[in-house]
Amino acid sequence: MLETNGNQRYIFSSPRLRESIGASYQLTRLREWTEDALRDTGVSADWRCVRPPAQDRDTETDAQWVSRSSGKVILWVDTQPQARHIIGHVTRQALAQAPGMDVSGVMVKMDGDHVTATDLKAVHARAAEYALSRPPALARFSQMPFLARAKDSVLPAAPPLGVKGEAQTDQEEALSLPARVKRHLALTSKENLLDRVREGGLPDDQLARDVPKLESLLQPQASEDSSALSKIAVIHIDGNGVGAIMSHLDKAMERVPPGDFTDVVGCERNDPDALRCFLLTVNEHLDKAVGQAFVDACKDVARWAQADAEAAGRASTAVPVVPVILGGDDVTVITSGDYALPFAAAYLRHYERHTGEDRLLRHLSTLDEAGLHCAPMTAAAGVAITGRNYPFHIAYDLAERLVAMAKTVGKASAPTRSTLSYHVLFDSTVLDAEQLLRSYESFTTRPFLLRDDAQDREGQTSWPTICQRLGAFREHVSTEAESGAGHFPRTRATRIRRILSDAAQAKQAGDNARAEGLRKRAQNEWEDAKTVLGSDLTKAIGDIRSLFDLLELADLLPDSYLSYLSNPMPDVEPSTVTRPAEDHA
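For every chain, the first residue of its written sequence is number 1, and the numbers climb from 1 along that sequence. With pLDDT at 70 or above as the cut-off, local features in this predicted model cover only qualifying residues; side-chain atom pairs require 80 or more to be listed or tallied, and sums for whole chains, interfaces and linings still use all residues. Side-chain numbers come from the whole structure's heavy atoms, not from hydrogens or water.

### Structural notes on the overall build of the protein
Phase 1: Secondary structure summary: the protein contains 22 helices and twelve strands in total.
Phase 2: Any two residues having at least one pair of non-hydrogen atoms within 4.5 Å are treated as being in contact. In the protein, the proportion of contacts linking residues at least 24 apart, taken out of those at least 6 apart, comes to 69%. Helix and strand assignments follow DSSP, with helices taken as H or I runs no shorter than four residues and strands as E runs no shorter than two, numbered in order from the N terminus.

Encoded structure:
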């Protein structure tokens, strides 16, 4: 087993977005290096998961792969010298081509001629044992007194790479060797991600590989006294339960009906090689589902942005999505602030649809410890909305924390639900993302469940519900100070929002007394407003926590998206998958 270690540290060790993108791309090269090692060893690099019948197998071309996921590959070879050669070849490739990346390899002897669950547990245990005895990757770059310090790093500076395509600005700066390699490969990574979108049918001249390019595409549409990107969003999305599936492969295999298993995996469930073939097929199908959900969400956002452009009298528009990372079940993108939540909701919907339509993945819902739950595969999205020049790594950390909080809500349901959450941050410095979000917890209805459900937990709002409330809010909110009955003065709504924000900041600073006083003041404002609004409108808007969300969403969601929610295009809803009776035993 060969795997990359400390991936988060490696990707986000620099505050520069370009280095994060290049580092993410380097992690995907583990497969490529392993294929090179197999060929160098004289073993076929064919990774086909469907094995021919025993009488037709050619041992010289037989597949060696067990698993090909992002940052980890597992394979089997015939001899111990072959295994040593492959591990040595791959780790040397990583050392030369991805300085700073931590790649390790271990091997164990198999119990028989086919990979079993016992073999997989043994190789993972060996890897955990080995990790305790090896020095960290950063030990390769010890700082010496006479070496120049690199910019944005504690590592020593290195000379330019001297390769074609290296940016002139990079050559002139004092950068560490890992930073130079990451920056150089960032463009390749961006183009690979954009290729997926191009194949989906979106025009190349409307796609942006980075934020400055997106800003330049949008700038002609902006007014002379405004910025094309006054706010942007970092979106992080992570699948639910994928780790549990990989940890309980035997239970996951039992969930797939015999007919689907044979047709999709290419062998029967009792085949000695079934575990290996099943694992490879899951990797392949999950990667395809994630990629297709990403492309479909980009196409949805492009359609909404086009509608808004036409409504404003503009002929065309850019697709306001910049892909950053797409690997395994993780997705990270940057969008303009107004299309961030529409993209996140669209991706979650398409992810559920594509995994629900897949003949294999539709049976691999979130597994509990007993492997009993069976429902569509789900995910959680976190959206950090910030100013244009806000540091990416801080916004990403906030988005990642939002995902963790959204997962807590989603996993509290049975079955697990897809969820999304967001936070708007313009003028605050985030020292502790979790503490920041906790301070707002009692003032909002976030995280949101992706879909409406009669079994929603008490007090937990769904995304369709909050958007429906937003429609009522926007219809009845007024900019006039004296708006009369049935309307909510925006000045009063804004004042309540400001008071609640001040209360959250006081709570974050540890001043609980002031936070409680401000909360009561906001509640009094709301109670007074309810006498003017009337019971029907108050019920349509929700409570004071909904009001806080509605005031922000009113400035975040574009008209085209709200119109789409009123008249959505037909979509296939994922349904709960029930195990055939013959499989319950």
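This is not the end of the story, as more comes after the structure.
### Some remarks on the sheet that holds strand E4 (residues 102-105)
Phase 1: Should DSSP find at least two bridges between two strands, the strands are regarded as paired. Strands sit in the order E2-E3-E1-E4 across an open sheet of four strands; the sheet is antiparallel. Each edge of the sheet is formed by a strand with only one pairing partner; in this case those strands are strand E2 (65-69) and E4. Within this sheet the neighbouring strands show an average axis-to-axis angle of 15 degrees, counted without direction.
Phase 2: Where strand E1 (residues 2-5) lies against E4, four bridges are found, and the strand directions are antiparallel. Across the sheet, Glu3 pairs through a bridge with Ser104, a residue of E4.
Phase 3: Each axis is a line fitted through C-alpha atoms, and for a helix only the stretch in contact is used; angles between axes span 0 to 180 degrees, taken between their N-to-C directions. Most of the contacts of helix H5 (residues 117-131) go to strand E3 (residues 72-75), to which it runs at about 130 degrees, and overall it touches E1, E2, E3 and E4.

### So, unusual backbone geometry
Phase 1: Put simply, Arg446 and Pro447 share a cis peptide bond, and its omega is -5 degrees.
Phase 2: Examined against the element boundaries, Pro447 turns out to sit in the loop between helix H15 (433-440) and strand E10 (448-449).

### So, the pairing of strand E8 (residues 379-387)
Phase 1: Throughout, exposure labels follow a simple rule: accessible area from a 1.4 Å probe, protein chains only, divided by the maximum for the residue type, with under 20% read as buried, over 50% as exposed, and the rest as partly exposed. Among the nine residues of E8, nine are classified as buried, and the element is accordingly described as predominantly covered.
Phase 2: The pairing of strand E5 (residues 231-239) with E8 spans nine bridges and is classified as antiparallel. By the bridge assignment, His236 is partnered in E8 with Gly382.
Phase 3: Direction of pairing for E8 relative to strand E9 (residues 419-424): parallel, over a ladder of six bridges. In the strand pairing of E9, Ala384 is matched with His423.

### Brief notes about the nonpolar core
Phase 1: In this structure, Phe278, Phe343, Tyr347, Leu420 and Trp463 are the most contacted members of the largest nonpolar core, which totals 154 residues.
Phase 2: Broken down by element, this core gets its largest block of residues, 19 residues, from helix H12 (residues 274-311).
Phase 3: Contact partners of Leu420, with chain neighbours within four places excluded, come to Leu341, Ala344, Ala345, Leu348, Ala381, Ala406, Pro447, Phe448, Leu450 and Trp463. Only buried residues count toward a nonpolar core, which is a set of Ala, Val, Leu, Ile, Met, Phe, Trp, Tyr and Cys residues joined through side-chain atoms within 4.5 Å.

### So, the pattern of salt bridges
Phase 1: When a carboxyl oxygen of Asp or Glu is within 4 Å of a side-chain nitrogen of Lys or Arg, the pair counts as a salt bridge. For the structure shown, the criterion picks out 33 salt bridges.
Phase 2: Close ionic contact of Arg134 with Asp102 constitutes a salt bridge, the shortest N to O distance being 2.5 Å. Pair noted here: Arg134 is in the loop between H5 and helix H6 (168-172) and Asp102 is in strand E4, with a separation of 32 residues, a long-range link.
Phase 3: One salt-bridge network, held together by shared partners, links Arg18, Glu19, Lys151, Asp170, Glu173 and Arg183.

### Some remarks on the pairing of E3
Phase 1: Bridge count for E1 against E3 is two bridges, and the pairing is antiparallel. Its bridge partner lying in E3, Glu3 is registered against Lys72.
Phase 2: Judged from the four bridges that link them, E2 and E3 form a sheet pairing that is antiparallel. The residue bridging Ser67 from the neighbouring strand is Ile74, located in E3.
Phase 3: Counting the residues between successive antiparallel strands, the hairpin from E2 to E3 contains two residues, one of them, Gly71, with a positive phi of roughly 80 degrees.

### Remarks on the confidence of the model for the protein
Phase 1: Averaged over all residues, the pLDDT of the protein is 82; the fraction at 70 or higher stands at 84%.
Phase 2: Element-level pLDDT for the protein is lowest in helix H22 (residues 581-584), with a mean of 38, against a maximum mean of 95 in helix H13 (residues 340-357).
Phase 3: Scored below 50 in pLDDT, residues 572-585 makes 26 contacts in the model with residues more than four places away or belonging to other chains. Values of pLDDT, the confidence the predictor places in each residue, fall between 0 and 100.

### Details of the side chain of Arg180
Phase 1: Mapped onto the secondary structure, Arg180 falls in helix H7 (residues 177-199).
Phase 2: Polar contact criterion, stated in full: a pair of N or O atoms within 3.5 Å, where within protein one must be able to donate a hydrogen and the other to accept it, and residues adjacent in sequence count only if both atoms are side-chain atoms. Side-chain polar atoms of Arg180 contact the backbone oxygen of Ala158, separated by 2.8 Å.
Phase 3: Within the local environment of Arg180, its side chain forms a polar contact with the backbone oxygen of Asp170, the two atoms lying 2.7 Å apart.

### Observations concerning the packing of aromatic side chains
Phase 1: Geometry of aromatic contacts follows a simple scheme: Phe, Tyr and Trp rings, the Trp one being its six-membered ring, pair when their centres are within 6.5 Å, and the pair is stacked under 30 degrees between planes, edge-to-face over 60, tilted otherwise. Following the criterion strictly, the structure yields eleven aromatic pairs and no others.
Phase 2: Between Trp304 and Tyr561 the ring centres are 4.9 Å apart and the planes differ by 75 degrees, which places this aromatic pair in the edge-to-face class. In this pair, Trp304 is assigned in helix H12 and Tyr561 in helix H21 (residues 559-566), connecting sequence segments 257 residues apart. In this structure, Trp304 and Tyr561 share a single accessibility class: buried.
Phase 3: Ring centres 6.0 Å apart and planes at 20 degrees place the aromatic pair Tyr347 and Tyr351 in the stacked group. Of this pair, Tyr347 and Tyr351 are both found in helix H13, four residues apart, which corresponds to roughly one turn of the helix. Here the two residues Tyr347 and Tyr351 agree in accessibility, since each one is buried.
Phase 4: Taken together, the aromatic side chains of Phe12, Phe392 and Tyr396 make up a single cluster linked through ring pairs.

### Concerning helix H17 (residues 490-508)
Phase 1: Compared with the 27 Å implied by 1.5 Å per residue over 19 residues, the 27 Å span of H17 between its first and last C-alpha is a close match.
Phase 2: Burial in H17 covers these residues: Arg492, Ala493, Ile496, Ile499, Leu500, Ser501, Ala503, Ala504 and Ala506.
Phase 3: A positive backbone phi angle near 90 degrees is found at Gly510, which sits one or two residues after H17. One fewer than the residue count of a helix, multiplied by 1.5 Å, yields its expected span.

### Structural notes on the packing of H15 against H17
Axes are the key here: two packed helices are described by the angle between their axes and the distance separating the axes.
Phase 1: Running from N to C, H15 and H17 cross one another at 135 degrees; their axes reach a closest spacing of 8 Å. By the angle class used here, H15 and H17 are oblique. Viewed along their axes, H15 and H17 form a crossing whose handedness is right-handed. Packed against H15, whose contacting residues are Gln435, Leu436, Arg438, Ser439 and Tyr440, the element H17 presents Ser501, Ala504, Gln505, Lys507 and Gln508 at the interface. When describing relative orientation, an angle under 35 degrees is termed roughly parallel and one over 145 degrees roughly antiparallel, while 65 to 115 degrees is termed roughly perpendicular and anything else oblique. A clockwise turn of the near helix away from the far one marks a right-handed crossing, whereas an anticlockwise turn of less than a right angle marks a left-handed crossing.

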